[in-house]
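For reference, the chains in residue letters:
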Amino acid sequence: MAVKLGILGLGTVGTGTVQLLQDNVGRHPLLQDIEIYRVGVRSLTKPRAVELSPEVITTDLEAIVNDPAVDIVVELMGGLEPARTLILTAIKNGKHVVTANKAVISRFGGEIFTAANQAGVYVLLEAAVGGGIPVIQPLKQSLSVNRINAIMGIVNGTTNYILTKMQTEGSEFDDVLADAQRLGYAEADPTADVDGWDAGDKIAILASLGFDGRINRDDVYCEGIRQVTKTDIAYSAKLGFVIKLLGIAQHLDQDNSRLSVRVHPTLVPQTHPLASINGVYNAILVEGEPIGQVMLFGPGAGAGATASAVSSDILNLVATLKTNTAKPNPLLACRHQHYSQITPISELVTRFYARFLSKDQAGVIGRLGTCFGNYGVSLESVVQTGFQGELAEIVVVTHTVREGDFRQALAEIQAMESIDSIPSVLRVL
Ligand SMILES: NC(=O)C1=CN([C@@H]2O[C@H](COP(=O)(O)OP(=O)(O)OC[C@H]3O[C@@H](n4cnc5c(N)ncnc54)[C@H](OP(=O)(O)O)[C@@H]3O)[C@@H](O)[C@H]2O)C=CC1
Ligand SMILES: N[C@@H](CC=O)C(=O)O
Ligand code: NA
(Lines give C-alpha, C1' and ligand atoms only; values in the text may rest on other atoms or scores of the structure.)
(Ligands and ions follow the chains in the order given, each with its own letter.)
Protein backbone atom coordinates (compact mmCIF):
# COMPACT_ATOMS: atom_id res chain seq x y z
CA MET A 1 0.00 0.00 0.00
CA ALA A 2 1.22 3.50 -0.82
CA VAL A 3 2.44 5.71 2.01
CA LYS A 4 0.13 8.74 2.12
CA LEU A 5 1.57 12.25 2.47
CA GLY A 6 -0.21 15.28 3.83
CA ILE A 7 1.82 18.26 2.60
CA LEU A 8 1.28 21.61 4.32
CA GLY A 9 2.34 24.39 1.93
CA LEU A 10 2.74 24.61 -1.84
CA GLY A 11 5.12 27.56 -2.18
CA THR A 12 8.75 27.42 -3.37
CA VAL A 13 9.69 24.27 -1.41
CA GLY A 14 6.26 22.58 -1.53
CA THR A 15 6.09 23.00 -5.31
CA GLY A 16 9.66 21.72 -5.75
CA THR A 17 8.87 18.69 -3.58
CA VAL A 18 5.64 17.82 -5.42
CA GLN A 19 7.48 18.19 -8.75
CA LEU A 20 10.24 15.84 -7.59
CA LEU A 21 7.81 13.25 -6.21
CA GLN A 22 5.68 13.34 -9.35
CA ASP A 23 8.73 12.97 -11.60
CA ASN A 24 9.97 9.78 -9.92
CA VAL A 25 11.33 7.77 -12.86
CA GLY A 26 15.07 7.07 -12.57
CA ARG A 27 15.10 7.98 -8.87
CA HIS A 28 14.96 5.64 -5.86
CA PRO A 29 12.25 2.98 -6.47
CA LEU A 30 10.68 3.55 -3.01
CA LEU A 31 9.43 6.93 -4.33
CA GLN A 32 6.89 4.94 -6.32
CA ASP A 33 5.29 3.83 -3.04
CA ILE A 34 4.33 7.40 -2.13
CA GLU A 35 0.95 9.04 -2.71
CA ILE A 36 0.50 12.81 -2.51
CA TYR A 37 -2.79 12.45 -0.68
CA ARG A 38 -3.52 15.99 0.54
CA VAL A 39 -1.86 19.39 0.06
CA GLY A 40 -2.80 22.31 2.29
CA VAL A 41 -2.60 25.92 1.08
CA ARG A 42 -3.88 29.34 2.01
CA SER A 43 -5.46 30.23 -1.33
CA LEU A 44 -7.38 27.88 -3.65
CA THR A 45 -7.38 30.35 -6.52
CA LYS A 46 -3.63 31.02 -6.77
CA PRO A 47 -2.10 29.63 -9.99
CA ARG A 48 0.12 26.60 -9.27
CA ALA A 49 3.11 25.28 -11.21
CA VAL A 50 2.11 21.65 -10.50
CA GLU A 51 -0.94 19.64 -11.46
CA LEU A 52 -2.90 18.15 -8.58
CA SER A 53 -6.49 17.00 -8.70
CA PRO A 54 -8.88 19.43 -6.98
CA GLU A 55 -9.78 16.98 -4.17
CA VAL A 56 -6.11 16.84 -3.12
CA ILE A 57 -5.79 20.58 -2.45
CA THR A 58 -7.49 22.07 0.58
CA THR A 59 -7.31 25.11 2.84
CA ASP A 60 -8.24 22.95 5.85
CA LEU A 61 -4.78 22.10 7.22
CA GLU A 62 -6.19 20.84 10.51
CA ALA A 63 -8.17 18.21 8.62
CA ILE A 64 -4.91 16.98 7.06
CA VAL A 65 -3.10 16.48 10.37
CA ASN A 66 -6.19 14.82 11.88
CA ASP A 67 -6.90 12.54 8.90
CA PRO A 68 -6.27 8.91 9.96
CA ALA A 69 -5.30 8.02 6.38
CA VAL A 70 -2.26 10.37 6.39
CA ASP A 71 0.98 8.56 7.33
CA ILE A 72 3.49 11.43 7.05
CA VAL A 73 2.89 15.16 7.45
CA VAL A 74 5.32 17.29 5.44
CA GLU A 75 5.33 20.82 6.87
CA LEU A 76 6.51 23.32 4.23
CA MET A 77 4.47 26.36 5.16
CA GLY A 78 7.00 28.19 7.37
CA GLY A 79 6.35 30.57 10.28
CA LEU A 80 5.78 29.71 13.93
CA GLU A 81 2.00 29.36 14.10
CA PRO A 82 -0.02 27.52 12.98
CA ALA A 83 3.01 25.40 11.93
CA ARG A 84 3.93 24.46 15.54
CA THR A 85 0.39 23.45 16.50
CA LEU A 86 -0.13 21.48 13.28
CA ILE A 87 3.16 19.59 13.82
CA LEU A 88 2.23 18.79 17.43
CA THR A 89 -1.25 17.61 16.38
CA ALA A 90 0.23 15.38 13.67
CA ILE A 91 2.61 13.86 16.26
CA LYS A 92 -0.22 13.35 18.76
CA ASN A 93 -2.07 11.51 16.01
CA GLY A 94 0.89 9.14 15.54
CA LYS A 95 2.16 10.62 12.27
CA HIS A 96 5.79 11.03 11.33
CA VAL A 97 6.74 14.58 10.35
CA VAL A 98 9.15 16.08 7.84
CA THR A 99 9.76 19.81 8.11
CA ALA A 100 11.94 22.48 6.47
CA ASN A 101 11.02 24.94 9.20
CA LYS A 102 14.15 25.95 11.13
CA ALA A 103 12.30 28.79 12.87
CA VAL A 104 9.85 26.43 14.54
CA ILE A 105 12.42 23.70 15.30
CA SER A 106 14.99 26.07 16.82
CA ARG A 107 12.38 27.60 19.12
CA PHE A 108 10.05 24.68 19.87
CA GLY A 109 12.34 21.71 19.21
CA GLY A 110 12.28 20.71 22.89
CA GLU A 111 8.49 20.48 22.93
CA ILE A 112 8.26 18.87 19.48
CA PHE A 113 10.94 16.18 20.00
CA THR A 114 9.68 15.31 23.48
CA ALA A 115 6.20 14.81 22.01
CA ALA A 116 7.61 12.79 19.10
CA ASN A 117 9.61 10.51 21.40
CA GLN A 118 6.53 9.92 23.54
CA ALA A 119 4.41 9.16 20.48
CA GLY A 120 7.09 6.92 18.94
CA VAL A 121 7.32 8.95 15.72
CA TYR A 122 10.16 10.77 14.00
CA VAL A 123 10.53 14.44 13.08
CA LEU A 124 13.08 14.81 10.29
CA LEU A 125 14.43 18.18 9.18
CA GLU A 126 17.22 17.81 6.63
CA ALA A 127 15.92 20.76 4.60
CA ALA A 128 15.92 23.07 7.61
CA VAL A 129 19.71 23.64 7.50
CA GLY A 130 21.84 24.05 4.39
CA GLY A 131 18.91 23.50 1.99
CA GLY A 132 19.92 20.57 -0.23
CA ILE A 133 23.20 19.86 1.59
CA PRO A 134 23.05 16.68 3.66
CA VAL A 135 24.16 17.99 7.06
CA ILE A 136 21.55 16.96 9.63
CA GLN A 137 21.78 13.24 8.86
CA PRO A 138 25.62 13.29 8.67
CA LEU A 139 25.76 14.96 12.11
CA LYS A 140 23.22 12.47 13.53
CA GLN A 141 24.80 9.43 11.93
CA SER A 142 28.03 9.42 9.89
CA LEU A 143 29.87 11.90 12.15
CA SER A 144 28.19 11.04 15.43
CA VAL A 145 31.11 9.07 16.87
CA ASN A 146 33.34 12.16 16.77
CA ARG A 147 33.89 14.66 19.58
CA ILE A 148 32.93 17.91 17.87
CA ASN A 149 35.08 20.99 18.57
CA ALA A 150 33.52 23.44 16.16
CA ILE A 151 30.80 23.78 13.54
CA MET A 152 30.99 26.90 11.45
CA GLY A 153 29.46 27.79 8.16
CA ILE A 154 27.69 29.90 5.64
CA VAL A 155 24.14 28.79 6.34
CA ASN A 156 22.03 31.49 4.72
CA GLY A 157 21.84 31.52 0.93
CA THR A 158 20.16 34.92 0.62
CA THR A 159 22.84 36.85 2.50
CA ASN A 160 25.66 34.94 0.83
CA TYR A 161 24.09 35.80 -2.54
CA ILE A 162 23.86 39.47 -1.52
CA LEU A 163 27.43 39.70 -0.13
CA THR A 164 28.84 37.90 -3.19
CA LYS A 165 27.11 40.28 -5.62
CA MET A 166 28.18 43.31 -3.56
CA GLN A 167 31.75 42.01 -3.64
CA THR A 168 32.04 40.87 -7.25
CA GLU A 169 29.76 43.36 -9.01
CA GLY A 170 29.72 46.28 -6.60
CA SER A 171 25.89 45.93 -6.54
CA GLU A 172 23.63 47.78 -4.15
CA PHE A 173 22.15 45.82 -1.24
CA ASP A 174 18.46 46.48 -2.10
CA ASP A 175 18.76 45.43 -5.77
CA VAL A 176 20.44 42.14 -4.87
CA LEU A 177 17.87 41.39 -2.14
CA ALA A 178 15.07 41.80 -4.70
CA ASP A 179 16.89 39.28 -6.93
CA ALA A 180 17.18 36.77 -4.08
CA GLN A 181 13.46 37.13 -3.37
CA ARG A 182 12.58 36.59 -7.04
CA LEU A 183 14.72 33.43 -7.11
CA GLY A 184 12.82 31.99 -4.10
CA TYR A 185 15.84 32.03 -1.73
CA ALA A 186 14.57 34.59 0.78
CA GLU A 187 12.13 33.93 3.62
CA ALA A 188 8.56 35.28 3.33
CA ASP A 189 9.87 38.17 5.46
CA PRO A 190 13.48 38.66 4.28
CA THR A 191 14.30 40.42 7.56
CA ALA A 192 14.91 36.92 8.94
CA ASP A 193 17.69 36.46 6.37
CA VAL A 194 19.20 39.94 6.42
CA ASP A 195 19.29 40.32 10.21
CA GLY A 196 20.86 36.92 10.79
CA TRP A 197 17.87 35.26 12.51
CA ASP A 198 17.55 32.51 9.89
CA ALA A 199 21.26 31.71 10.26
CA GLY A 200 20.76 31.88 14.05
CA ASP A 201 17.98 29.27 13.84
CA LYS A 202 20.23 27.04 11.73
CA ILE A 203 23.36 27.27 13.86
CA ALA A 204 21.24 26.59 16.97
CA ILE A 205 20.02 23.36 15.32
CA LEU A 206 23.54 22.36 14.23
CA ALA A 207 24.93 23.13 17.70
CA SER A 208 22.27 20.97 19.33
CA LEU A 209 23.30 18.07 17.10
CA GLY A 210 27.05 18.56 17.42
CA PHE A 211 27.30 19.48 21.10
CA ASP A 212 24.80 17.08 22.56
CA GLY A 213 22.35 19.37 24.31
CA ARG A 214 19.40 21.53 23.37
CA ILE A 215 20.08 25.19 22.65
CA ASN A 216 17.91 27.97 23.97
CA ARG A 217 17.39 30.04 20.79
CA ASP A 218 17.40 33.30 22.78
CA ASP A 219 21.00 32.57 23.88
CA VAL A 220 22.27 32.68 20.27
CA TYR A 221 23.89 36.04 19.49
CA CYS A 222 22.71 37.26 16.04
CA GLU A 223 24.04 40.13 13.99
CA GLY A 224 23.03 40.52 10.32
CA ILE A 225 24.56 42.15 7.26
CA ARG A 226 22.77 45.51 7.13
CA GLN A 227 25.84 47.35 8.40
CA VAL A 228 28.22 45.77 5.87
CA THR A 229 29.10 48.41 3.29
CA LYS A 230 30.87 48.34 -0.05
CA THR A 231 33.64 50.36 1.65
CA ASP A 232 34.28 47.56 4.17
CA ILE A 233 34.15 44.92 1.47
CA ALA A 234 36.81 46.86 -0.46
CA TYR A 235 39.07 47.38 2.62
CA SER A 236 38.70 43.73 3.57
CA ALA A 237 39.82 42.67 0.11
CA LYS A 238 42.90 44.90 0.39
CA LEU A 239 43.71 43.31 3.74
CA GLY A 240 43.31 39.76 2.34
CA PHE A 241 39.79 38.94 3.57
CA VAL A 242 36.26 38.41 2.26
CA ILE A 243 33.19 39.23 4.35
CA LYS A 244 30.84 36.30 5.01
CA LEU A 245 27.88 35.89 7.35
CA LEU A 246 29.00 32.96 9.50
CA GLY A 247 27.12 30.83 11.97
CA ILE A 248 29.64 29.55 14.50
CA ALA A 249 29.29 27.04 17.33
CA GLN A 250 32.52 26.22 19.10
CA HIS A 251 34.09 25.30 22.39
CA LEU A 252 36.10 28.28 23.67
CA ASP A 253 38.45 26.27 25.91
CA GLN A 254 40.48 23.09 25.67
CA ASP A 255 38.42 21.55 28.48
CA ASN A 256 35.15 22.21 26.55
CA SER A 257 33.74 24.13 29.52
CA ARG A 258 32.39 27.05 27.49
CA LEU A 259 30.28 26.87 24.30
CA SER A 260 29.83 29.87 22.03
CA VAL A 261 26.94 29.89 19.50
CA ARG A 262 26.64 33.00 17.35
CA VAL A 263 26.00 34.60 13.96
CA HIS A 264 27.77 37.66 12.63
CA PRO A 265 29.38 39.04 9.49
CA THR A 266 33.00 37.94 9.63
CA LEU A 267 36.22 38.81 7.81
CA VAL A 268 37.38 35.43 6.53
CA PRO A 269 40.97 35.07 5.25
CA GLN A 270 40.92 34.63 1.47
CA THR A 271 42.78 31.33 1.90
CA HIS A 272 40.16 29.82 4.26
CA PRO A 273 37.91 27.07 2.78
CA LEU A 274 34.76 29.13 3.52
CA ALA A 275 36.08 32.20 1.65
CA SER A 276 35.40 30.73 -1.78
CA ILE A 277 31.74 29.79 -1.10
CA ASN A 278 29.78 32.21 -3.25
CA GLY A 279 26.24 32.99 -4.38
CA VAL A 280 23.40 30.93 -2.93
CA TYR A 281 25.83 28.15 -1.98
CA ASN A 282 26.23 27.18 1.65
CA ALA A 283 29.06 25.29 3.33
CA ILE A 284 29.39 23.87 6.81
CA LEU A 285 32.81 23.10 8.22
CA VAL A 286 32.78 20.52 11.02
CA GLU A 287 35.88 20.00 13.17
CA GLY A 288 35.92 16.83 15.21
CA GLU A 289 38.15 14.30 16.86
CA PRO A 290 39.37 12.04 15.40
CA ILE A 291 38.08 13.00 11.94
CA GLY A 292 39.68 16.48 11.67
CA GLN A 293 37.94 18.88 9.29
CA VAL A 294 35.02 17.96 7.03
CA MET A 295 33.34 20.54 4.79
CA LEU A 296 29.83 19.96 3.47
CA PHE A 297 29.10 22.16 0.47
CA GLY A 298 26.11 22.69 -1.84
CA PRO A 299 23.06 24.76 -2.74
CA GLY A 300 21.61 26.24 0.45
CA ALA A 301 18.22 27.37 -0.85
CA GLY A 302 15.89 27.18 -3.84
CA ALA A 303 13.08 24.87 -4.89
CA GLY A 304 14.92 21.89 -6.37
CA ALA A 305 17.78 21.72 -3.87
CA THR A 306 15.49 21.98 -0.87
CA ALA A 307 13.06 19.46 -2.37
CA SER A 308 15.95 17.00 -2.57
CA ALA A 309 16.45 17.23 1.20
CA VAL A 310 12.71 17.08 1.99
CA SER A 311 12.21 14.06 -0.26
CA SER A 312 15.19 12.20 1.21
CA ASP A 313 13.59 12.56 4.66
CA ILE A 314 10.28 11.33 3.25
CA LEU A 315 12.10 8.36 1.73
CA ASN A 316 13.77 7.57 5.04
CA LEU A 317 10.36 7.47 6.71
CA VAL A 318 8.81 5.41 3.93
CA ALA A 319 11.61 2.88 4.42
CA THR A 320 10.96 2.93 8.19
CA LEU A 321 7.22 2.40 7.70
CA LYS A 322 7.86 -0.40 5.20
CA THR A 323 10.26 -2.26 7.48
CA ASN A 324 7.78 -1.83 10.33
CA THR A 325 10.31 -2.02 13.16
CA ALA A 326 8.68 -1.60 16.54
CA LYS A 327 11.68 -0.09 18.35
CA PRO A 328 12.68 3.52 17.63
CA ASN A 329 15.96 4.02 15.78
CA PRO A 330 18.14 6.17 18.13
CA LEU A 331 20.03 7.55 15.15
CA LEU A 332 16.85 9.06 13.71
CA ALA A 333 15.24 10.26 16.96
CA CYS A 334 16.34 13.20 19.11
CA ARG A 335 17.97 12.00 22.32
CA HIS A 336 18.65 15.29 24.15
CA GLN A 337 17.03 16.10 27.46
CA HIS A 338 19.02 19.07 28.80
CA TYR A 339 19.94 22.56 27.57
CA SER A 340 23.56 23.56 26.92
CA GLN A 341 24.97 26.61 28.71
CA ILE A 342 25.95 29.28 26.14
CA THR A 343 28.73 31.76 26.90
CA PRO A 344 27.76 35.44 26.44
CA ILE A 345 29.27 37.28 23.45
CA SER A 346 31.25 39.61 25.77
CA GLU A 347 33.38 36.58 26.75
CA LEU A 348 34.28 35.72 23.15
CA VAL A 349 37.96 36.00 22.29
CA THR A 350 38.41 37.02 18.68
CA ARG A 351 40.16 39.43 16.32
CA PHE A 352 38.34 42.60 15.22
CA TYR A 353 38.31 44.91 12.22
CA ALA A 354 37.24 48.48 12.93
CA ARG A 355 36.93 51.54 10.71
CA PHE A 356 37.16 55.01 12.24
CA LEU A 357 36.46 58.45 10.80
CA SER A 358 38.59 61.07 12.52
CA LYS A 359 39.35 64.73 12.27
CA ASP A 360 42.61 65.16 10.39
CA GLN A 361 44.69 66.01 13.47
CA ALA A 362 48.20 64.98 14.37
CA GLY A 363 48.52 62.09 16.85
CA VAL A 364 45.08 60.47 16.37
CA ILE A 365 46.57 57.06 15.59
CA GLY A 366 48.79 57.33 18.67
CA ARG A 367 45.77 58.12 20.89
CA LEU A 368 43.87 55.16 19.43
CA GLY A 369 46.84 52.88 20.12
CA THR A 370 47.19 54.13 23.71
CA CYS A 371 43.51 53.65 24.48
CA PHE A 372 43.48 50.17 22.99
CA GLY A 373 46.65 49.34 24.96
CA ASN A 374 44.92 50.37 28.20
CA TYR A 375 42.34 47.64 27.62
CA GLY A 376 44.83 44.98 26.55
CA VAL A 377 43.98 45.30 22.85
CA SER A 378 47.05 44.91 20.64
CA LEU A 379 46.92 45.88 17.01
CA GLU A 380 47.89 43.62 14.13
CA SER A 381 47.63 46.37 11.52
CA VAL A 382 46.70 50.04 11.32
CA VAL A 383 46.07 51.71 7.99
CA GLN A 384 45.25 55.35 7.40
CA THR A 385 43.68 54.82 4.03
CA GLY A 386 42.31 58.07 2.78
CA PHE A 387 39.66 60.67 3.29
CA GLN A 388 35.90 60.84 3.28
CA GLY A 389 35.37 64.55 2.72
CA GLU A 390 37.20 66.33 5.55
CA LEU A 391 37.53 63.19 7.65
CA ALA A 392 40.46 60.80 7.68
CA GLU A 393 39.63 57.11 7.48
CA ILE A 394 41.58 54.72 9.71
CA VAL A 395 41.21 50.95 9.58
CA VAL A 396 42.60 48.67 12.28
CA VAL A 397 42.76 44.90 12.68
CA THR A 398 43.43 43.70 16.22
CA HIS A 399 45.08 40.60 17.60
CA THR A 400 42.75 38.33 19.58
CA VAL A 401 41.07 40.11 22.45
CA ARG A 402 38.17 39.50 24.83
CA GLU A 403 35.15 41.15 23.21
CA GLY A 404 34.07 42.91 26.41
CA ASP A 405 37.49 44.60 26.71
CA PHE A 406 37.47 45.64 23.05
CA ARG A 407 33.99 47.19 23.41
CA GLN A 408 35.09 49.19 26.46
CA ALA A 409 38.03 50.57 24.50
CA LEU A 410 35.73 51.46 21.61
CA ALA A 411 33.35 53.33 23.94
CA GLU A 412 36.28 55.42 25.19
CA ILE A 413 37.55 56.05 21.66
CA GLN A 414 34.07 57.05 20.48
CA ALA A 415 34.08 59.77 23.15
CA MET A 416 37.42 61.28 21.98
CA GLU A 417 37.16 64.77 20.57
CA SER A 418 39.19 63.83 17.49
CA ILE A 419 36.97 60.84 16.56
CA ASP A 420 33.94 61.65 14.43
CA SER A 421 32.44 58.14 14.25
CA ILE A 422 33.12 54.40 14.11
CA PRO A 423 31.12 53.29 11.05
CA SER A 424 32.11 49.61 11.18
CA VAL A 425 33.16 47.00 13.68
CA LEU A 426 33.41 43.43 12.40
CA ARG A 427 34.88 40.23 13.82
CA VAL A 428 37.79 38.53 12.06
CA LEU A 429 38.12 34.75 11.84
N1 LIG B 1 12.77 28.84 -0.02
C2 LIG B 1 13.85 28.13 0.29
O3 LIG B 1 14.84 28.08 -0.49
C4 LIG B 1 13.91 27.36 1.55
C5 LIG B 1 12.88 27.41 2.47
N6 LIG B 1 12.96 26.66 3.62
C7 LIG B 1 11.85 26.65 4.54
O8 LIG B 1 10.75 26.00 3.92
C9 LIG B 1 9.53 26.53 4.40
C10 LIG B 1 8.70 26.99 3.21
O11 LIG B 1 9.40 28.01 2.54
P12 LIG B 1 8.93 28.53 1.10
O13 LIG B 1 8.46 27.40 0.27
O14 LIG B 1 10.04 29.38 0.60
O15 LIG B 1 7.69 29.45 1.52
P16 LIG B 1 6.57 30.08 0.59
O17 LIG B 1 6.16 31.35 1.23
O18 LIG B 1 7.01 30.09 -0.84
O19 LIG B 1 5.36 29.01 0.68
C20 LIG B 1 4.60 28.84 1.85
C21 LIG B 1 3.40 27.95 1.51
O22 LIG B 1 2.67 27.67 2.68
C23 LIG B 1 1.31 28.07 2.54
N24 LIG B 1 0.89 28.65 3.81
C25 LIG B 1 1.61 29.50 4.59
N26 LIG B 1 0.90 29.82 5.68
C27 LIG B 1 -0.28 29.15 5.59
C28 LIG B 1 -1.44 29.06 6.40
N29 LIG B 1 -1.52 29.75 7.55
N30 LIG B 1 -2.47 28.28 5.99
C31 LIG B 1 -2.38 27.60 4.83
N32 LIG B 1 -1.30 27.63 4.02
C33 LIG B 1 -0.28 28.39 4.39
C34 LIG B 1 1.27 29.06 1.41
O35 LIG B 1 0.00 28.99 0.78
P36 LIG B 1 -0.36 29.85 -0.54
O37 LIG B 1 0.49 29.26 -1.63
O38 LIG B 1 -1.82 29.59 -0.77
O39 LIG B 1 -0.01 31.26 -0.21
C40 LIG B 1 2.41 28.56 0.52
O41 LIG B 1 1.93 27.58 -0.36
C42 LIG B 1 9.90 27.63 5.39
O43 LIG B 1 9.93 27.09 6.69
C44 LIG B 1 11.32 28.00 4.95
O45 LIG B 1 12.08 28.55 6.00
C46 LIG B 1 14.03 25.86 3.88
C47 LIG B 1 15.09 25.77 3.01
C48 LIG B 1 15.11 26.54 1.79
N1 LIG C 1 16.03 31.95 3.31
C2 LIG C 1 16.90 30.82 3.47
C3 LIG C 1 16.29 29.66 2.76
C4 LIG C 1 16.90 28.40 3.15
O5 LIG C 1 16.93 28.01 4.30
C6 LIG C 1 18.27 31.14 2.87
O7 LIG C 1 18.38 32.15 2.18
O8 LIG C 1 19.21 30.39 3.15
NA1 NA D 1 20.19 20.14 4.51
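Residues numbered from 1 in each chain as written. Chains lettered and ligands numbered in written order. Predicted model: local features only at pLDDT ≥ 70, side-chain atom pairs only at ≥ 80, totals over all residues. Heavy atoms only, no water.

Residue position: Lys95 is located in the loop between α3 (83-92) and β5 (96-99). One buried charged side chain, Lys95, makes no salt bridge at all; its nearest oppositely charged neighbour is Asp67, positioned 6.1 Å away. A polar atom in the side chain of Lys95 sits 2.7 Å from the backbone oxygen of Asp67. In this structure Lys95 touches Ile64, Val65, Asp67, Pro68, Val70, Asp71, Val73, Ala90 and Val121, once residues within four positions along its chain are discounted. (Helix = DSSP H or I, 4+ residues; strand = E, 2+ residues; numbered from the N terminus. Buried < 20%, exposed > 50% of the residue type's maximum accessible area, 1.4 Å probe, protein only. Lys, Arg positive; Asp, Glu negative; His and termini not counted. Salt bridge = Lys/Arg side-chain N within 4 Å of Asp/Glu carboxyl O. Polar contact = N/O pair within 3.5 Å; in protein donor to acceptor, adjacent residues only side chain to side chain. Contact = heavy atoms within 4.5 Å.)

The environment of ligand 1 is formed by 24 residues, the closest being Leu10, Lys46, Arg48, Glu187 and Gly302. One of the backbone nitrogen or oxygen atoms of Val13 is found 2.8 Å away from an oxygen atom of ligand 1. At 2.7 Å from an oxygen atom of ligand 1 is found a main-chain nitrogen or oxygen belonging to Gly302. Contact with the protein chains covers 85% of the free accessible surface of ligand 1, which is 910 Å². For the shell around ligand 1, the per-class residue count stands at ten nonpolar, nine polar and five charged. (Near = heavy atom within 4 Å. Areas by Shrake-Rupley, 256 points an atom, 1.4 Å probe, with all protein chains shown as cover. Nonpolar A, V, L, I, M, F, W, Y, C, P; charged D, E, K, R; others polar.)

Interaxial distance between α3 and helix α4 (residues 102-119) falls to 9 Å at its minimum, and their mutual angle equals 10 degrees. As far as their axial angle goes, α4 and α3 are roughly parallel. Here Arg84, Ile87, Leu88 and Ile91 of α3 come into contact with α4, specifically with Val104, Phe108, Glu111, Ile112, Ala115, Ala116 and Ala119. Residue composition of the contact of α3 with α4, grouped by class: nine nonpolar, no polar and two charged. (Axes fitted to C-alpha atoms, helices over the stretch in contact; angles between N-to-C directions. Parallel < 35°, antiparallel > 145°, perpendicular 65-115°, else oblique.)

On the secondary structure map, Val382 appears in strand β14 (residues 379-388). Given a relative accessible area of 36%, Val382 falls into the partly exposed group. Beyond its immediate sequence surroundings of up to four residues, Val382 is in contact with Ile365, Ile394, Val395 and Val396.

Once that is clear, we can look at the packing of aromatic side chains. Considering all chains together, one arrives at five aromatic pairs under this definition. Between Phe356 and Phe372, the aromatic rings sit 6.3 Å apart at their centres with planes inclined by 70 degrees, giving edge-to-face as the arrangement. On the criterion of sequence distance, the pair formed by Phe356 in strand β13 (residues 349-359) and Phe372 in helix α12 (residues 364-374) is long-range, its members being 16 residues apart. For Phe356, a relative accessible area of 0% translates into the label buried. (Phe/Tyr/Trp six-rings, centres within 6.5 Å; stacked < 30°, edge-to-face > 60°.)

Bringing the pattern of salt bridges into the picture now. Scanning the model with the defined rule gives 26 salt bridges in all. Here Asp179 and Arg182 are joined by a salt bridge, their closest N and O atoms 3.1 Å apart. Of the two residues, Asp179 and Arg182 are both situated in helix α7 (residues 173-182); the distance of three residues between them amounts to about one turn of the helix. Judged by its relative accessible area of 24%, Asp179 is partly exposed. Lys359 is the salt-bridge partner of Glu417, the closest N and O atoms lying 3.2 Å from each other. Of this pair, Glu417 sits in the loop between α13 (403-414) and β17 (419-428) while Lys359 sits in strand β13; the two residues are 58 residues apart in sequence, bridging distant segments of the chain. Residue classification places Glu417 among the exposed positions, given a relative accessible area of 56%.

For the sodium ion (ligand 3), the protein coordination sphere consists of Glu126 (O), Glu126 (OE), Val129 (O), Gly131 (O) and Ile133 (O), at 2.3 to 2.7 Å. Look at where the donors of the sodium ion (ligand 3) fall in the sequence and you get E-x2-V-x1-G-x1-I. Across the pair, exposure class does not vary: Glu126 and Gly131 are buried alike. (Donors = N, O, S within 2.8 Å, 3.2 Å for Na, K, Ca; no water.)

By nearness alone, every residue bordering ligand 2 is listed as Lys102, Asn156, Gly157, Thr158, Tyr185, Ala186, Glu187, Asp193, Asp198, Lys202, Gly300 and Ala301. Between Gly157 and ligand 2, the recorded distance is 2.7 Å, taken from a backbone N or O atom to an oxygen atom. At a separation of 2.7 Å, a nitrogen atom of ligand 2 approaches a polar side-chain atom of Asp193. A total of 250 Å² of accessible area belongs to ligand 2 in isolation, and the protein chains cover 94% of it. Looking at the shell around ligand 2, the elements with two or more residues in it are α6 (157-169) and α9 (197-210).

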